[in-house]
Amino acid sequence: MTQHNRSRGAAAPPPMGWEALVAQCRRCSLPAAAQPVEWPADIGGIAAEAVAPALQARYAPLLAPVRQRPRVVAQLGQSLDGRIATATGHSHYVTGAADRVHLHRLRALCDAVLVGAGTVVADNPRLTVREVAGPNPVRAVVMSRSGLPADAALLRDGAAPTWALTGPSVAAPAVDRRFALPDLAPATALQCLAAAGVQRLLVEGGARTVSAWLAAGLVDTLYLVVAPVIIGSGPTGLNLPRIDHMDEALRPAVTPFDLGDDRLYRLDFNAVSA
Ligand SMILES: NC(=O)c1ccc[n+]([C@@H]2O[C@H](COP(=O)([O-])OP(=O)(O)OC[C@H]3O[C@@H](n4cnc5c(N)ncnc54)[C@H](OP(=O)(O)O)[C@@H]3O)[C@@H](O)[C@H]2O)c1
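Predicted model only: the values in this text are computed from it and were never measured.

J.: Quick rundown of unusual backbone geometry? Include the residues and the values.
T.: Across residues other than glycine, the phi torsion is negative in most instances, and most of the peptide bonds are trans. The step from His92 to Tyr93 runs through a cis peptide bond, and the omega angle for that step is -5°. By secondary structure assignment, the location of Tyr93 is in the loop between β1 (71–78) and α5 (97–109). Geometrically, the link from Gly205 to Gly206 is a cis peptide bond, its omega value of -5° lying close to zero. With respect to the helices and strands, Gly206 occurs in the loop between β6 (200–205) and α9 (207–215). For Asn124, which is not glycine, the phi dihedral falls at a positive 45°. With respect to the secondary-structure elements, Asn124 resides in the loop between α6 (117–123) and β3 (138–143). In this structure Asn124 comes out as partly exposed when scored by relative accessible area, which is 38%. With a phi close to 60°, Leu127 is a non-glycine residue in the positive phi region. Tracing the backbone shows Leu127 in the loop between α6 and β3. Judged by relative accessible area, which is 1%, Leu127 ranks as buried.

Structure (C-alpha cells):
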C-alpha cells in the first residue's frame, strides 16, 4: 500500500491493552480492582508503550472472530532437546517465570482449558488465572480409564467449573459436569465442548493429549516455549505418527517471540480468516 493510499484509508485501530484483549475474547471486563499491573516485566523488557501491540501480536489467533468451530490453541514448554520433564516426571519448572505469566494469559483468553488425566495425576494443577488479571476458564479433563485423585485441586477448590470428558463406562468423578462420550477422539471432544458453548479452547497438556490433538489436525495454533536447558532423558513433548519423507513433515507458519530467557515460537497451522 502506498503512503497516498494509507492516508486516505481508515486509520488503523489503536493497539489493544490486556483489558481489551480479555473483553474481546471472553466478552467480559476486568473488575476495577484487577487492572493489570504486572507488565512489562513478563514480556521481555519491552518498553511499556510497546506492550499493548506486543500482546496483540502474540495472541492474534485468539482475537479473530470464531466461525465454524471453536478456535483451538495448545501450549507446550520444553527443553532445547524437546523434553518436558525428567525421567522421574519432575517438571517444575522446565521453562521460566515469563512462560507462567504467558500461560496464565492464554487461560484468561480461553473459555476452557483441557488437560489429560495424566497431567492432573502428575502435577495436580489448578488451571486458574493467577499471574495476570483475568477470568478463569472452565477446566476440562479427558480420561479414558483412570479416575482422578479425590483430593485433586480442581475437584476441590471451587475456583472454576470442572468438567470431565470420559468414555461411556468410566466411573464419573465428582465434577460439575460429566460428558460420557462414545470415544475420546479429539474431534468428538471438540464437538462436545462446542455444544457446551466453548469458543476458544486451550489444550494445555500433557504430551499425549497435545500430540493427539495436533495429529488430529485440530490445533490451530501451538505456542511452543523452548527453555535454554538440556535435560537429555525423559519424556518428549510432541510424538506424532511416523512419517517416512520430509515432505510429509508439518510446516506451520512460525513467529518467534522473546519470553524472558526462553524463546516462544507461535506455530500457526490453520490460517485464520478474519
Ligand atoms: N511441559 C509442559 O508444557 C507440560 C504441560 C502439561 C503436562 N506436562 C507433563 O506431561 C506429563 C503428563 O503427560 P502425559 O502425556 O503422560 O498425560 P496427559 O496427556 O496429561 O494425559 C493422558 C491421559 O489422558 C487421557 N486422554 C487424553 N486424550 C485422550 C484421547 N484422545 N483418547 C484417550 N484418552 C485420552 C487418557 O486417560 P486415561 O489414563 O484415563 O486413559 C490418557 O492416559 C506430566 O509429566 C506433566 O508434568 C508438561
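Back to the write-up after that little detour.
J.: With reference to specific residues and values, describe the site of the ligand.
T.: Contacts to the ligand come from 22 residues, most closely from Thr119, Ser144, Arg145, Arg208 and Thr209. One of the side-chain nitrogen or oxygen atoms of Asp123 is found 2.8 Å away from an oxygen atom of the ligand. For the ligand, the accessible surface in isolation is 920 Å², of which the surrounding protein chains cover 82%. Applying the majority rule of atoms within 2 Å of the grid points places the ligand in the second largest pocket. Top contributing element to the shell around the ligand by residue count: α6, with 5 residues.

J.: Pulling in residues and values, what's your account of the nonpolar core?
T.: With 39 residues, the main nonpolar core has Trp18, Leu21, Leu109 and Val141 as its most contacted residues. At 6 residues, α5 tops the list of elements feeding residues into this core. Setting aside residues no more than four positions away along its own chain, Leu21 makes contact with Met16, Leu55, Gln56, Tyr59, Leu63 and Leu109. In this structure, Ala140, Ala207, Trp213 and Leu218 belong to the second largest nonpolar core, which totals 29 residues.

J.: Break down helix α2 (residues 18–26) for me, citing the residues and quoting the values.
T.: Within α2, the full set of buried residues consists of Trp18, Leu21, Val22, Cys25 and Arg26. Within α2, the buried residues cover an arc of 100° as seen down the axis, which keeps them to one side. Its buried side turned inward, α2 meets α3 (51–58), α4 (60–63), α5 and β6. Positive backbone phi, approximately 55°, marks Arg27, located one or two places after α2.

J.: Explain the side chain of Thr221 to me, and be specific about the residues and the numbers.
T.: With respect to the helices and strands, the residue Thr221 is situated in strand β7 (residues 221–226). Once you skip the residues sitting within four places of it in the chain, Thr221 turns out to touch Pro61, Val72, Val73, Ala74, Arg266, Leu267 and Asp268.

J.: Outline the confidence of the model for the protein chain, listing residues and values.
T.: The pLDDT averaged across the protein chain works out to 88; a share of 86% of its residues lies at or above 70. Contacts from residues 1–7, a stretch scored under 50 in pLDDT, to residues over four places away or in other chains number 1 contact. Note on residues 35–42: pLDDT under 50 across the span, and 22 contacts to partners over four residues away in sequence or across chains.

J.: Could you give an account of the packing of aromatic side chains, naming the residues involved and the relevant values?
T.: Inspection of the entire model under this criterion finds 2 aromatic pairs. On the basis of an interplanar angle of 45° and a centroid distance of 6.1 Å, the ring pair of Tyr59 and Tyr223 is categorised as tilted. Placement of the pair is Tyr59 in the loop between α3 and α4 and Tyr223 in strand β7, with a sequence separation of 164 residues. The class of Tyr223 is buried, set by a relative accessible area of 0%. On the basis of an interplanar angle of 65° and a centroid distance of 5.4 Å, the ring pair of Trp163 and Phe179 is categorised as edge-to-face. Of this pair, Trp163 sits in strand β4 (residues 162–166) while Phe179 sits in strand β5 (residues 177–180), and the two are 16 residues apart along the sequence. Like Phe179, Trp163 is buried. Across the ring face of Trp18, the terminal group of Arg105 is positioned such that the distance to the ring centre comes to 4.6 Å.

Rules of the game
- Residues numbered from 1 in each chain as written.
- Predicted model: local features only at pLDDT ≥ 70, side-chain atom pairs only at ≥ 80, totals over all residues.
- Heavy atoms only, no water.
- Helix = DSSP H or I, 4+ residues; strand = E, 2+ residues; numbered from the N terminus.
- Buried < 20%, exposed > 50% of the residue type's maximum accessible area, 1.4 Å probe, protein only.
- Near = heavy atom within 4 Å.
- Polar contact = N/O pair within 3.5 Å; in protein donor to acceptor, adjacent residues only side chain to side chain.
- Areas by Shrake-Rupley, 256 points an atom, 1.4 Å probe, with all protein chains shown as cover.
- 1 Å grid on protein atoms, 1.4 Å probe; cavity = no way out; pocket = protein on both sides within 12 Å on 5 of 7 lines; lining within 4 Å.
- Sits in = over half its atoms within 2 Å of the grid points.
- Core = buried A, V, L, I, M, F, W, Y, C linked by side-chain atoms within 4.5 Å.
- Contact = heavy atoms within 4.5 Å.
- Arc of directions from axis to C-beta.
- pLDDT = per-residue confidence, 0-100.
- Phe/Tyr/Trp six-rings, centres within 6.5 Å; stacked < 30°, edge-to-face > 60°.
- Lys NZ or Arg CZ within 6 Å of the ring centre and 35° of its normal.

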